[in-house]
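Inside the fold
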Amino acid sequence: MSVEFTDDDEGKTVVDDDGDEVGIVSEVRHGQAYVEPDPGITDKVKSKLGWGDIDDDTYPIQDEQIDGVTDDEIRIERV
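Read on for a plain summary of the structure. Predicted model only: the values in this text are computed from it and were never measured.

Let us now look at the overall build of the chain. Along the chain, the regular secondary structure elements total 1 helix and 6 strands. Put simply, the chain runs from its N terminus to its C terminus through helices and strands in the order β-β-β-α-β-β-β. A burial count over the chain gives 34% of its 79 residues as buried. Residue pairs at least 24 apart in sequence account for 45% of intrachain contacts in the chain once pairs closer than 6 positions are excluded.

Next comes the structure, spelled out in structure tokens:
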């Protein structure tokens, strides 16, 4: 699913395919949404989502991860 994100998407909750909240959209740059992980997120969840150990505090949502977008949340799935 290819989605062009806008500033209106900033602040939306990001949930995984189990419905668990994994973070929020902290910024949108050039149509790309960046997620700030929930402060309590574990390394296991980061790994499950393919985010690894990046020094930056935000992670881009990849097109292949997007399962759906509503007015309130973005649902992503494991890749």
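Still more to cover.
Tracing the backbone through its elements, the reader meets E36 in strand β3 (residues 32-37). Distance in space between the C-alpha atoms of E36 and T58 is 4.6 Å, their sequence separation being 22 residues. For E36, the contacting residues outside a window of four places in its chain are V22, G23, I24, S26, D57 and T58.

Assignment of secondary structure puts D67 in strand β5 (residues 66-69). Each C-alpha atom of the pair D67 and S2 lies 9.9 Å from the other, and the pair is 65 residues apart in sequence.

Under the defined criterion, the tally for this structure stands at 3 salt bridges. Here D9 makes a salt bridge to K12, at a shortest N to O gap of 2.7 Å. Taking the relative accessible area as the measure of exposure, D9 reaches 9% and is therefore buried. Note that R75 and E73 form a salt bridge whose closest N and O atoms lie 3.4 Å from each other.

Criteria and cut-off values
- Residues numbered from 1 in each chain as written.
- Predicted model: local features only at pLDDT ≥ 70, side-chain atom pairs only at ≥ 80, totals over all residues.
- Heavy atoms only, no water.
- Helix = DSSP H or I, 4+ residues; strand = E, 2+ residues; numbered from the N terminus.
- Buried < 20%, exposed > 50% of the residue type's maximum accessible area, 1.4 Å probe, protein only.
- Contact = heavy atoms within 4.5 Å.
- Salt bridge = Lys/Arg side-chain N within 4 Å of Asp/Glu carboxyl O.

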